[in-house]
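Each chain is listed here by its residues.
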Amino acid sequence: RQPADRKIADGTGKWLLRQIVADRLPCTVVEAPKRPLQTPQREWLRGPLLPWASELVDEALNGPYADWFNAPLVRSHWDRFRKGQSDNSFYVWQWISLGLTARLLTSRDAMTRGGS
């Protein structure tokens, strides 16, 4: 955490970072405005990550937190997303995260039972 005067100076953001790299990078890079980085996450989730994502959505819907969801509604939204009829991947990532959590809890429970 840096003080505000190191973050913004003379209206220029990321001032400290720009000073640190000024002698290492071309000025076109150092002085470039901040711009968002877009990842093709929707394409990945519909393409190469689809089997992995589908598995985790299922784990979220069948795991220890299954009662948190209206499973038919989630499956309907997931199906629409997969078919390209919806682009909101925000919820998909939440389902995936919960599926990963369910997987972790299930594996810990299995290890605990197996080690007893």
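Structure's up top.
What comes next is a walk through the structure. (Residues numbered from 1 in each chain as written. Predicted model: local features only at pLDDT ≥ 70, side-chain atom pairs only at ≥ 80, totals over all residues. Heavy atoms only, no water.)

1. What about unusual backbone geometry?
In this structure, Asp10 is a non-glycine residue whose phi angle is positive, near 55°. Within the secondary structure, Asp10 is located in the loop between β1 (8–9) and β2 (12–13). The backbone phi angle of Lys14 is positive, close to 55°, even though this residue is not glycine. Here Lys14 shows up in the loop between β2 and α2 (15–21). Residue Lys14 is classed as partly exposed on the basis of its relative accessible area of 44%. (Helix = DSSP H or I, 4+ residues; strand = E, 2+ residues; numbered from the N terminus. Buried < 20%, exposed > 50% of the residue type's maximum accessible area, 1.4 Å probe, protein only.)

2. Quick word on the layout of surface pockets
Size it by volume and the largest pocket reaches roughly 150 Å³. Residue assignment for the lining of the largest pocket shows that the elements contributing at least two residues are α6 (71–82) and α7 (89–115). The dominant element in the lining of the largest pocket, judged by the number of residues it contributes, is α6, at 5 residues. (1 Å grid on protein atoms, 1.4 Å probe; cavity = no way out; pocket = protein on both sides within 12 Å on 5 of 7 lines; lining within 4 Å. Points joined across faces, edges and corners; volume = space filled by probe spheres on them.)

3. Re the nonpolar core
With 11 residues, the main nonpolar core is built from Leu45, Ala53, Leu56, Val57, Leu61, Val74, Trp78, Phe81, Val92, Trp95 and Ile96. Secondary structure elements with two or more residues in this core: α5 (50–62), α6 and α7. Ranked by residue count, the leading element in this core is α5, at 4 residues. (Core = buried A, V, L, I, M, F, W, Y, C linked by side-chain atoms within 4.5 Å.)

4. Some remarks on the pattern of salt bridges
A complete count under the given rule lists 7 salt bridges for this structure. We note a salt bridge from Arg24 to Asp23, for which the minimum N-O separation is 3.3 Å. Accessibility assignment for this pair places Arg24 and Asp23 in one class, exposed. Residue Asp79 is joined to Lys83 by a salt bridge in which the shortest nitrogen-to-oxygen separation is 3.1 Å. For Lys83, a relative accessible area of 55% translates into the label exposed. Linked by salt bridges that have partners in common, Glu55, Glu59 and Arg103 make up one network. (Salt bridge = Lys/Arg side-chain N within 4 Å of Asp/Glu carboxyl O.)

5. Quick look at the packing of α5 against α6
Between α5 and α6, whose axes approach to 11 Å, the crossing angle comes to 170°. Classified by the interaxial angle, the pair formed by α5 and α6 is roughly antiparallel. Where α5 abuts α6, its residues Leu50, Ala53, Ser54, Val57, Asp58, Leu61 and Asn62 lie against Ala71, Val74, Arg75, Trp78 and Arg82. Partitioned by chemical class, the residues of the contact of α5 with α6 number 7 nonpolar, 2 polar and 3 charged. (Axes fitted to C-alpha atoms, helices over the stretch in contact; angles between N-to-C directions. Parallel < 35°, antiparallel > 145°, perpendicular 65-115°, else oblique. Contact = heavy atoms within 4.5 Å. Nonpolar A, V, L, I, M, F, W, Y, C, P; charged D, E, K, R; others polar.)

6. Re the side chain of Arg18
Among the structural elements, Arg18 can be located in helix α2. Glu31 provides the closest opposite charge to the buried, salt-bridge-free Arg18, at an N-O distance of 7.6 Å. When neighbours within four sequence positions are excluded, Arg18 is seen to be in contact with Thr12, Gly13, Val30, Glu31, Ala32 and Lys34. (Lys, Arg positive; Asp, Glu negative; His and termini not counted.)

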